[in-house]
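A structural walkthrough
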Amino acid sequence: MRDQGLSRGGPLVSGQPATSHSSTPSFGGEEIDIPGDGARLYGGAPPVPQAREPEVREEPKVEVPGLGTTAVLPYARSRTSSRTRWLRAWMMVAPVDAVALLAPLLLSQAYWRGTLANAVLTVTLFAVGGLYRPRRHVSILDELPSLSGRLLAAASVVAIIGVERHASVAYIGGFMRDVALSALLVILGRAASRAFTVLSRKRRWAEHNALIVGGGPIGLELARLLRRYPQYGLRFVGCVDASSRQGNAALPLSGTLTDLEHLVRLTECEVLIIADPDCHESTLMETLLQPRSSRCDLWAVPRLWGSRSHSGYPDHIGAFPIVKIGDISLAGPRWAIKRASDVLFAAVALLLLSPVLLLGAIATFIDGGRGIFFYQERIGRYGQPFKVIKFRSMRPVNEQESQTNWSIAHDNRVGPIGRFMRRTSLDELPQLWNILRGDMSVVGPRPERPYFVEKFSAEYPNYAARHRVPVGLTGLAQVSGLRGDTPISDRARFDNYYIENWSLWLDIKIILRTVAEVFRAGGR
């Protein structure tokens, strides 16, 4: 999950009505009159010598036909932001909150259990309440009501437990004084960290590149705002839209929607802002679900007047309301949680199931002789190939058959032991090693061979989007009956639903359902 406020990139074009020279703002660069348009062209960016590359003076002029707008040229990325692109605001905010909540322990250790419980509960409530989510407009005054309510809720819960455990009024009174001190320190610490976040954005110590999807009036105004106000932490690097707007977009386009993947890589984009694209939602989503685009933070300007976020508190860029779209791929803390759970599960499973693995190896040797393990190339996260490990249940004639034969469920060459291991999915237990290596996850889309990935990606628009996450030992599609010779479109739909609605509890449910399938011998 990308976090609040540290962003990077570089504006290409931005505009605003040009009236007179006295009312037109300057951004620290040269002013160049554009003949016959009544507007000025500005080069450069707000002068911040300690964090800037030298400005490029020789830039091509950009005119927006018939709009009388001011075009803003690209500006160089600051040297500092190039080194801090991996930072996120929560990396500073969360530790500051934790230190403030634990600070009373420096004065007295008499209430250390209650202080520790209060700190854990408060940070949890902050996280659930969205107080560590990314924001474009950062202000302690916006957060104060939510902060105060959650601090009070956590303190109340811990105090009630304390009253049940300790009958002493003096003990509870002393503990509540420590809680009040920690709450005050949290608010002061949050104010300081927010002030530093805004300062780091304004000085361009931290910024993320942002591409705007939509070349209409809203996209044009957003580009101007991002160029003028660096405190939003975004550096405008270009705009894409449907090819229908190629010649009449308010904001000159860097490319069409089909070029988005290439532009994300070229501009090192980390943030996509959906403004007012001239395309159907299905076309837009198909584009955003591509591997590189899906790794970007996704923000959107609501299309309906009066629409706003009802969770947490509203966010905006200038006067434009903007909402953070839920992650369409696993990244940030969510990915860290999933990876940690995978490693723990695989390590424990390998230890507990080692006798079963040994028996499986012996049975495979009896059934087919030497070469008990079967290695096959599969496609993993972001389309990266890897070698999957399984117990051998059949020997293919050659590598071509291994890569292109869709199913061997009814192949006469599969012996009784191999058939039993396939039906119970015991042949897939060696993949626990793939999970420890990071090639796979415990739960995820089914790993498929390169031949079929290429074939299905061409035939089914949403199939390639499955590779936003690591492939899995089991998955939602498999436990929903979509194994073997079942519709690929249904599998892709289930896999993408899993990715977009991931939670640790969803993984646990799928694992429990997988265990039930194994005992029912409901495999292939």
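My aim in this report is to walk through the structure given alongside it, one point at a time. (Residues numbered from 1 in each chain as written. Predicted model: local features only at pLDDT ≥ 70, side-chain atom pairs only at ≥ 80, totals over all residues. Heavy atoms only, no water.)

Considering the overall build of the protein chain
A count of helices and strands for the protein chain gives 18 helices and 13 strands. Looking at the protein chain as a whole, 48% of its 524 residues qualify as buried. For the protein chain, the accessible area works out to roughly 24,900 Å², and carbon and sulfur atoms hold 63% of it. (Helix = DSSP H or I, 4+ residues; strand = E, 2+ residues; numbered from the N terminus. Buried < 20%, exposed > 50% of the residue type's maximum accessible area, 1.4 Å probe, protein only. Areas by Shrake-Rupley, 256 points an atom, 1.4 Å probe, with all protein chains shown as cover.)

With respect to a nonpolar patch on the surface
Together, Ile337, Leu504, Trp505, Ile508 and Leu512 make up an exposed nonpolar region whose accessible area comes to about 490 Å². Structurally, Trp505 can be placed in helix 18 (residues 504–519). Since its relative accessible area comes to 54%, Trp505 is described here as exposed. (Patch = residues over 30% accessible without salt bridge, like charges linked within 9 Å, V, L, I, M, F, W, Y side chains within 5 Å. Salt bridge = Lys/Arg side-chain N within 4 Å of Asp/Glu carboxyl O.)

Examining the nonpolar core
Counting 22 residues, the largest nonpolar core has Ile212, Leu222, Leu226, Leu234, Phe236, Ile273 and Ile317 as the members making the most contacts within it. Contributing elements (two or more residues each) for this core: strand 3 (208–213), helix 6 (217–228), strand 4 (234–241) and strand 6 (271–274). Core analysis: the second largest hydrophobic core is formed by 20 residues, Leu330, Ala346, Met440 and Ile499 among them. (Core = buried A, V, L, I, M, F, W, Y, C linked by side-chain atoms within 4.5 Å.)

Quick look at the sheet that holds strand 5 (residues 255–256)
Strand-to-strand pairing in sheets goes through backbone hydrogen bonds, with the strands running parallel or antiparallel. A sheet is described by the order of its strands in space; here seven strands give the open sequence 5-4-3-6-7-9-8, paired in mixed fashion. Two strands bound the open sheet, and with one partner strand each, they are strand 5 and strand 8 (315–317). Contacts from helix 6 reach strand 3, strand 4, strand 6, strand 8 and strand 9 (320–324), with the element oriented near 90 degrees to strand 9. (Pairing = 2+ DSSP bridges. Contact = heavy atoms within 4.5 Å. Axes fitted to C-alpha atoms, helices over the stretch in contact; angles between N-to-C directions.)

Examining the environment of Gly481
Relative to the helices and strands, Gly481 is located in the loop between helix 16 (476–479) and helix 17 (488–500). Looking at Gly481, the relative accessible area reads 52%, which means it is exposed. Separated by 36 residues in sequence, Gly481 and Glu517 have C-alpha atoms that sit 9.7 Å apart.

As for the pairing of strand 9
Inspection of the sheet shows strand 7 (residues 297–300) paired to strand 9 by two bridges, in the antiparallel sense. Pairing of Ala300 across the sheet is with Val323, part of strand 9. Relative to strand 9, strand 8 is paired through three bridges, and the arrangement is antiparallel. When the bridges of strand 9 are listed, Asp315 appears paired with Ile322. The hairpin turn running from strand 8 into strand 9, its antiparallel successor, is two residues long, and Gly318 in that turn takes a positive phi close to 65 degrees.

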